[in-house]
Amino acid sequence: MSQLLLSLRGLACGYQGHRIVQSLELHLNAGDIGCLLGPSGCGKTTTLRAIAGFESVQEGEIELGGAVISRPGFTLAPEKRRIGMVFQDYALFPHLSVADNVAFGIRKHPDCARITAELLELVKLGHLGQRFPHELSGGQQQRVALARALAPEPQLLLLDEPFSNLDGELRRRLSHEVRDILKARGTSAILVTHDQEEAFAVSDQVGVFNQGRLEQWDTPFNLYHEPASPFVASFVGQGYFIRGQLLSPDTVQTELGVIHGNRAYTMAPGSSVDVLLRPDDVQLEPGSPTTAEVVQRAFRGAEFLYTLRLDSGNTLLALAPSHQRIDIGRRTGFRLVPEHLVAFPATA
């Protein structure tokens, strides 16, 4: 059974008396990697800074390893929290070698040299220990920053937009590498990002923030397939809503026909609902009597992402193999193949 490591209960925090985050409930088990995901200004970095001890708490409390580390009127100093931090800009010491950067926080440890060597091997930089930060690539510098943060064996590691300064392909590769490193060490961590692909690649649990509130804390799979709110549905993944009418708890009538789902809704039959359709719910089928106009086509290598306009003016997205090429302006047949039903009460 997993052991609870971090708890944020009824948390409200901000800066200069201005409340950014409110009514936050969040729990992370030991060994898990969590992620705070959301648009700029939503409160995710403020939450991370509160966990680190850089911001005080206005309401609620933060508990780490069974001990309260923040509550109104009390903030345990950051250096006493056994929390490591990896910053967006790496924050390496330019005058120290790679090995000395990693060893900085454990200089008085009797096994400093051994721990440093092991961590450099773990992050695949064992042969670069005597180089200086300016002699490394961005990805290598981030590995050094990670190794330095892991050296004191923190209870929890915080990563603040750690890959944002890297190009796309390197970001994807390094995010997978960081997850493997953290899992190999059994290190618990919380990542802050606005990039959902990055969040899904690294994390066991992801929290989606919206205007200072946590809308959903769940697995990446559940966020995509069972979003708790229209905001989560729109922010995570791609897709569009179409209007429908609830016929029964698991059946909706739409302009594209009846959609049967695998989950029941408590809204009254006859209720107007908005149904989420993602690209994997729409299959192009040239012979289908249901057609739409192709208004956009994005090449993704192995596949195309098509934007379709229905006769009603509503929009759908559809994925198709890259050999299934349809010109913009042409009509194409399609059918719905939803294996799940995601619906919310209709908005005006």
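Everything below is about the structure shown above.
Figured I'd write up the structure that's included with this text.

Definitions and limits used
- Residues numbered from 1 in each chain as written.
- Predicted model: local features only at pLDDT ≥ 70, side-chain atom pairs only at ≥ 80, totals over all residues.
- Heavy atoms only, no water.
- Helix = DSSP H or I, 4+ residues; strand = E, 2+ residues; numbered from the N terminus.
- Buried < 20%, exposed > 50% of the residue type's maximum accessible area, 1.4 Å probe, protein only.
- Contact = heavy atoms within 4.5 Å.
- Areas by Shrake-Rupley, 256 points an atom, 1.4 Å probe, with all protein chains shown as cover.
- Lys, Arg positive; Asp, Glu negative; His and termini not counted.
- Charge placed at Lys NZ, Arg CZ, Asp CG, Glu CD.
- Polar contact = N/O pair within 3.5 Å; in protein donor to acceptor, adjacent residues only side chain to side chain.
- Core = buried A, V, L, I, M, F, W, Y, C linked by side-chain atoms within 4.5 Å.
- Pairing = 2+ DSSP bridges.
- Axes fitted to C-alpha atoms, helices over the stretch in contact; angles between N-to-C directions.
- Expected span 1.5 Å × (residues − 1).
- Parallel < 35°, antiparallel > 145°, perpendicular 65-115°, else oblique.
- Left-handed = near helix turned anticlockwise from the far one by under 90°.
- Nonpolar A, V, L, I, M, F, W, Y, C, P; charged D, E, K, R; others polar.

**Topic: the overall build of the protein chain**
Each helix and strand in the protein chain was counted, giving eight helices and 21 strands. Considering only C-alpha atoms, the protein chain reaches an extent of 75 × 50 × 40 Å along its principal axes. When burial is assessed residue by residue, the protein chain has 49% of its 348 residues classed as buried. Taking all contacts inside the protein chain whose residues are at least 6 apart in sequence as the whole, residues at least 24 apart take part in 65%. A total accessible area of about 16,400 Å² is found for the protein chain, and carbon and sulfur atoms account for 48% of it. The protein chain carries 32 positive and 38 negative side-chain charges, and their two centres are separated by 3 Å.

**Section: the side chain of S188**
On the secondary structure map, S188 appears in strand β9 (residues 188-193). With a relative accessible area of 4%, S188 lands in the buried category. Within the local environment of S188, its side chain forms a polar contact with the backbone nitrogen of G31, the two atoms lying 2.7 Å apart. S188 has contacts with L5, L28, N29, A30, G31, D32, Q155, L156 and L157, leaving out every residue within four places of it along the chain.

**What about unusual backbone geometry?**
The phi angle at E153 is positive, at roughly 55°, despite the residue not being glycine. Counting through the fold element by element, E153 comes out in the loop between α4 (138-150) and β8 (156-160). Phi is positive for E161, which is not a glycine, with a value near 45°. For E161, the position within the fold is in the loop between β8 and α5 (168-185).

**Notes on the nonpolar core**
Within the largest apolar cluster, 45 residues are counted, with the highest numbers of intra-cluster contacts made by L146, L157 and L182. Top contributing element to this core by residue count: α4, with six residues.

**Describing the sheet that holds strand β1 (residues 4-15)**
Here we have five strands laid out as an open sheet, ordered β2-β1-β4-β5-β6, and antiparallel in their pairing. Looking at strand neighbours, the two that pair on one side only are β2 (18-29) and β6 (74-75), the edges of this open sheet. The pairing of β1 with strand β4 (residues 57-64) spans six bridges and is classified as antiparallel. The residue of β4 that forms the bridge with L8 is I62.

**A look at the sheet that holds strand β14 (residues 257-260)**
With antiparallel pairing, the five strands of this open sheet are ordered in space as β14-β13-β12-β15-β21. A single partner strand is all that each edge strand has here, and the edge strands are β14 and β21 (343-345). This sheet shows a mean twist of 40° between the axes of neighbouring strands, independent of strand direction. In terms of strand pairing, strand β15 (residues 272-277) meets β21 through three bridges, oriented antiparallel. Of the residues in β21, the one forming a bridge with V273 is P345.

**Some words on α4**
With 13 residues, α4 ought to run about 18 Å at 1.5 Å a step, and its terminal C-alpha atoms sit 19 Å apart, in line with that. Of all 13 residues that make up α4, 11 are buried, and the element is covered over most of its length. Among all positions of α4, only G139, Q141, Q142, R143, V144, A145, L146, A147, R148, A149 and L150 are buried. For α4, the elements touching its buried residues are β7 (83-86), α2 (98-103), α3 (112-122), β8 and α5.

**Some points on the packing of α4 against α5**
α5 packs onto α4 with a crossing angle of 20° between their chain directions and a minimal axis gap of 11 Å. As summarised for this structure, α4 and α5 are arranged roughly parallel, according to the angle between their axes. Here α4 runs over α5; the crossing is right-handed. Of α5, the residues touching α4 (which contributes G139, Q142, R143, L146 and L150) are L170, L174, E177, V178, I181, L182 and R185. Its residues assigned to classes, the contact of α4 with α5 shows seven nonpolar, two polar and three charged.

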